[in-house]
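# Structure at a glance
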Amino acid sequence: MTGLYIAFEGGEGSGKSTQARILSKKIQGKLTLEPGGTELGARLRQLLLGVGEAPVGARAETLMMAADRAQHLEELVEPTLATGTHVVSDRTAYSSLAYQGGARGLGVDEVRAVNDWAVNGRWPDVVVLLDCPAGQGPRGRRSQDRLEQEGDAFHDLVRATYLELAASEADRWIVLEANGSIDDVSARVWSALAERFGWESS
């Protein structure tokens, strides 16, 4: 039996990394992230997000993210799913639709086409969107990397694009309030996924 490919998406500081880690442990899944889930991805992540690195144009940024994603799917995600193990990913191709397609203004459909080719049509089975206004998530925005340092207008566009994506693919997305204690949000995540997949409720 093939494992489930579960994505966590959300703006900066929404707590998605924490919730992805909690869920992966609970379901004994493989925790990973984009960009950076492979050795190649880690190098690309530094070039893409490192403060002080050479400037990266919007189209180059999109293509580098897609390259990370292609390697990630081929090297880690697909082989893991084939063993029957669930994969829980902190960000996936949907991040590029929100950040490069929406906030960078390159167009969601255009960025989707690039990423669909990169992942060979393999998108997550379910996407958990932890939603909150820009800069108001449980972790806040700590300006740790180049994208986090973008202004509020940029992050407002990221959020708006995420919500549009969720509305257009309601059968794939679960939208949850990001604010609250870690335990409260974790309980929301588990309840929603348990209902979706018929898992035990506790």
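### Side note on the overall build of the chain
Scanning the chain for helices and strands turns up 7 helices and 5 strands. Listing each helix as α and each strand as β along the chain from the N terminus yields β-α-β-α-α-β-α-α-β-α-β-α. Seen through its principal axes, the chain has C-alpha atoms that stretch 45 × 35 × 30 Å. Residues classed as buried in the chain amount to 50% of the 202 residues present.

### What to know about the packing of helix H3 (residues 58-82) against helix H4 (residues 93-103)
In the contact formed by H3 and H4, the axes pass within 10 Å of each other and the chain directions differ by 175°. Taken as axis vectors, H3 and H4 run roughly antiparallel relative to one another. Two secondary-structure elements touch here, H3 through Ala-58, Glu-61, Thr-62, Met-65 and Arg-69 and H4 through Ala-93, Ser-96 and Gln-100. Here the contact of H3 with H4 is built from residues that sort into 3 nonpolar, 3 polar and 2 charged.

Rules of the game
- Residues numbered from 1 in each chain as written.
- Predicted model: local features only at pLDDT ≥ 70, side-chain atom pairs only at ≥ 80, totals over all residues.
- Heavy atoms only, no water.
- Helix = DSSP H or I, 4+ residues; strand = E, 2+ residues; numbered from the N terminus.
- Buried < 20%, exposed > 50% of the residue type's maximum accessible area, 1.4 Å probe, protein only.
- Axes fitted to C-alpha atoms, helices over the stretch in contact; angles between N-to-C directions.
- Parallel < 35°, antiparallel > 145°, perpendicular 65-115°, else oblique.
- Contact = heavy atoms within 4.5 Å.
- Nonpolar A, V, L, I, M, F, W, Y, C, P; charged D, E, K, R; others polar.

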